[in-house]
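Coordinate analysis (summary)
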Amino acid sequence: MSDKPYLRRRAWLRQQLLLPLLSSLGGAAALTHASSARAQAASAEAVNGSGASFPSLVYQRWAASYLKATGRQVSYLATGSGEGQKLISARKVHFGGTDSPLPPEELSKRELIQLPMLVGGIVPVVNLPGIGDARLRLSGPVLAELMSGEIERWNDARISAVNPGLSLPALPVRRVVRADKSGTSEGFTRYLSAVSAGFSKSVGASSQPKWPGEVESAEGNDGVVKALKARAGTLAYVSYDRVQRDRLSSASLLNAAGQWVAAGEAGFRSAIANSDVARKGDDLASLMNREGAESWPITMTSFILIDARPPSGAAATPVLHFLYWCLMHGDELLRGTGFAPLPIALQSKLAGRLSLVKPRDNKPPAYQAG
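The present account deals with the structure reproduced in this document. Computed from a predicted structure; not experimentally measured.

1. Here's the deal with the environment of Phe 95
As for its placement among the helices and strands, Phe 95 is situated in strand β3 (residues 95-98). In sequence terms Phe 95 and Val 47 are 48 residues apart; their C-alpha atoms lie 8.2 Å from each other.

Next comes the structure, spelled out in structure tokens:
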């Protein structure tokens, strides 16, 4: 594939991102300041992030490419969205990853800025002998009954009804769920609550739900994958990139358009296109259960949180430089990861949020240098 579309996209985005900086710092003076800070940025402290495990492999990939391109070190630890929110609120990391966006009033209270970074999908996965990827079909209500413990065996008539001709084993359903406070769990249970009134009443949407009956708990997406592989008859939920990487057997879902769809980047892009994320540039708009023949029903945006009032411009520069670099190169690095980029019109609006960082020493961060 030619890189020309990505280069044109990057050039356009760079122009859009420069406008707030030039406006806030005074045109040419901003560029002079950025150039003089180049040496300082090169020796800047390492950037540390923590939080959502849903996009963690992408952030780690971006960090490795960033190190190779700039010599600057960035690390990201997958600890769950709840921990990411907690650590950045306590200023124990430079940025926190979360799949559960904070409302404006909470951002103001904690003096944080929230940036949407990418879009991905949550996928139900199974360990059923002889049943390969995307062969098992699950409607939303049937998936909800499985996850609430109402369906106890895989050859249950309710599963057979949506899988004519598929030989289902008489194995007990073993559920693996997230042990940590997780945006993936919140997104998954939000979808199940939307498609099942019974699930909404008995479990509800939560980042750390109280699952009925006996379940096995595991830390992070990778912990869930390990537990899934260990026992036949297991049902779990993970981010789509783990399905690709670990060659898991995912379930197809019935979407809002009445189509059976398998998880994939095309489905995530369709969900974006049929939402107010694309139509209105609203990064908090839901991507769940959108119209569109290809739309994956459990699609969501993942976010990064940063300090809105860092102690100094110099202290803010390393993390802002990394985020700016990701905006310039992230789309290219997303190819083949199992995630989809945000619409370019929304990405350009993020420049305004970067310029909302107001260091307490009133010295502007030189995040576009180098």
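2. A look at the side chain of Thr 301
By the secondary structure assignment, Thr 301 is in strand β12 (residues 299-307). Under the relative-accessibility criterion, Thr 301 is labelled buried at 7%. Those residues in contact with Thr 301, other than ones at most four positions away along the chain, are Asp 99, Pro 116, Leu 118, Val 119, Asp 283, Leu 287 and Leu 342.

3. Looking at the sheet that holds strand β11 (residues 260-261)
Read across the open sheet, the three strands follow the order β5-β10-β11; overall the sheet is mixed. Edge positions in the sheet fall to β5 (137-138) and β11, since each of these pairs with one other strand and no more. Sheet topology note: the strand β10 (residues 252-254)/β11 ladder contains two bridges and is antiparallel. Along β11, the bridge assignment pairs Leu 254 with Trp 260.

4. As for the packing of helix α4 (residues 56-70) against helix α15 (residues 313-334)
The contact between α4 and α15 brings their axes to 10 Å, and the two run at 105°. When the interaxial angle is binned, α4 and α15 end up roughly perpendicular. Packed against α4, whose contacting residues are Val 58, Arg 61, Trp 62, Ala 63, Ser 65, Tyr 66, Ala 69 and Thr 70, the element α15 presents Pro 318, His 321, Phe 322, Trp 325, Cys 326, Gly 330, Leu 333 and Leu 334 at the interface. Residue classes in the contact of α4 with α15 are distributed as eleven nonpolar, four polar and one charged.

Rules of the game
- Residues numbered from 1 in each chain as written.
- Predicted model: local features only at pLDDT ≥ 70, side-chain atom pairs only at ≥ 80, totals over all residues.
- Heavy atoms only, no water.
- Helix = DSSP H or I, 4+ residues; strand = E, 2+ residues; numbered from the N terminus.
- Buried < 20%, exposed > 50% of the residue type's maximum accessible area, 1.4 Å probe, protein only.
- Contact = heavy atoms within 4.5 Å.
- Pairing = 2+ DSSP bridges.
- Axes fitted to C-alpha atoms, helices over the stretch in contact; angles between N-to-C directions.
- Parallel < 35°, antiparallel > 145°, perpendicular 65-115°, else oblique.
- Nonpolar A, V, L, I, M, F, W, Y, C, P; charged D, E, K, R; others polar.

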